Amino acid sequence: MLSVLIQTLNDEERLARTLASLIGGAVEGVVRDVIVCDTGSTDQTHRVAEHAGCLYVASGGIAAGIRQAKGDWLLLLEPGARLGEGWIDEVVAHTARQTMPARFSRARGSRVPFLSRVFSGNRALAEGLVISKRQAASLSKNARNAEAIARGLATRRLDAEIWVAPVK
């Protein structure tokens, strides 16, 4: 079982797109819960989360969300990211046989040209992150946000695609 964590700040529209791509995982019984960790939104992010049946965490950041997660594995996503076809089988296979974190492959339409990657800031969560709850809890002790948890981790590349969230 997988818990999905999404850290938000005024991301109501982007959150809705991400949640829509998770429906298949919920129907298949892979996604156990979705936790929206808000960092001070002033828009309707909380309503989008509540209407979708997500657990909305308004204080404590990503660490509080990790503590409340029910799954043994976590999927950390940026609001606006959309998972492509086949992600469910790939994540299930990975969590059954691996202990190391993994990231999705960028969909062809959201790949960035080489020079743009070199000269722009790299977002550690752009490709999502599948990580064990135990490892995420350990990393969250020293991390201010989800991005800090994902930064610098050695990961395996999953064969499933992600449409990367546009830069805010």
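Here's a quick rundown of the structure. (Residues numbered from 1 in each chain as written. Predicted model: local features only at pLDDT ≥ 70, side-chain atom pairs only at ≥ 80, totals over all residues. Heavy atoms only, no water.)

### A look at the overall build of the protein
Counted only if it meets this: Numbering of helices and strands runs from the N terminus, with a helix taken as a DSSP run of H or I at least four residues long and a strand as a DSSP run of E at least two residues long. Atoms counted for the radius of gyration: C-alpha only. Globule rule: 2.2 Å times residue count to the power 0.38. Burial here depends on accessible area, computed with a 1.4 Å probe over protein chains only, as a share of the maximum for the residue type. Under 20% is buried, over 50% is exposed, and the range in between is partly exposed. For this analysis, residues touch if any pair of their heavy atoms sits within 4.5 Å. Computed with the Shrake-Rupley method and a 1.4 Å probe, the accessible areas treat only the protein chains shown as cover for residues. Just so you know, the count uses Lys and Arg for positive and Asp and Glu for negative, and it drops His and the chain ends. All charge positions are set by atom: Lys at NZ, Arg at CZ, Asp at CG, Glu at CD.
What the protein contains, in helices and strands, is eight helices and eight strands. Expected size for 168 residues packed as a compact globule is a radius of gyration near 15 Å; at 15 Å, the protein falls within 12% of this value. Looking at the protein as a whole, 49% of its 168 residues qualify as buried. Contacts spanning at least 24 positions in sequence make up 81% of the contacts within the protein whose residues lie at least 6 apart. Summed over its atoms, the accessible surface of the protein is roughly 8,700 Å², and 50% of this surface lies on carbon and sulfur atoms. Distance between charge centroids for the protein: 7 Å, based on 22 positive and 17 negative side chains.

### Topic: the pattern of salt bridges
Counted only if it meets this: Definition used for salt bridges: Asp or Glu carboxyl oxygen within 4 Å of a side-chain nitrogen of Lys or Arg.
Under the definition given, this model contains six salt bridges. Close ionic contact of Glu127 with Arg106 constitutes a salt bridge, the shortest N to O distance being 2.9 Å. Here Glu127, found in the loop between helix H6 (114-119) and strand E7 (129-132), pairs with Arg106, found in strand E6 (residues 102-106); they are 21 residues apart in sequence, far enough to count as distant. Each of the two residues, Glu127 as well as Arg106, counts as buried. Glu147 is the partner of Arg151 in a salt bridge, and the nearest nitrogen-oxygen pair spans 2.9 Å. A single salt-bridge network, built from bridges that share partners, covers Arg106, Glu127 and Arg157.

### Re unusual backbone geometry
Phi is positive for Asn10, which is not a glycine, with a value near 55 degrees. Judged by relative accessible area, which is 33%, Asn10 ranks as partly exposed.

### Details of the state of the cysteines
Operational definition: When the sulfur atoms of two cysteines come within 2.5 Å, that pair is taken as a disulfide.
Summed over the entire model, instances satisfying the criterion amount to zero disulfides. Cys37 carries a free sulfur, and the closest cysteine sulfur to it, the one in Cys54, is 11 Å from it. Note on Cys37: relative accessible area 0%, which makes it buried.

### Here we look at helix H1 (residues 12-21)
How we decide: In this description, one arc is meant: the one made by directions from the helix axis to the C-beta atoms.
Buried residues of H1: Arg14, Leu15, Thr18, Leu19 and Ser21, and no others. The buried residues of H1 occupy one face: seen down the axis, they fall within an arc of 155 degrees.

### Side note on the packing of helix H4 (residues 61-68) against helix H7 (residues 133-140)
Going by this rule: Note on method: axes are straight lines fitted to C-alpha atoms, helices fitted across the in-contact stretch only, with angles between N-to-C directions ranging 0 to 180 degrees. To sort the angles, those under 35 degrees are grouped as roughly parallel, those over 145 as roughly antiparallel, those from 65 to 115 as roughly perpendicular, and the leftovers as oblique. Here a crossing is called left-handed whenever its near helix is offset anticlockwise from the far helix by less than a right angle, and right-handed whenever the offset is clockwise.
The interhelical angle for the contact between H4 and H7, taken along N-to-C directions, is 150 degrees, at an axis separation of 10 Å. When the axis of H4 is compared with that of H7, the two are roughly antiparallel. The chirality of how H4 crosses H7 is left-handed. Residues Ala63, Ile66 and Arg67 of H4 pack against Lys133, Ala136, Ala137 and Ser140 of H7.

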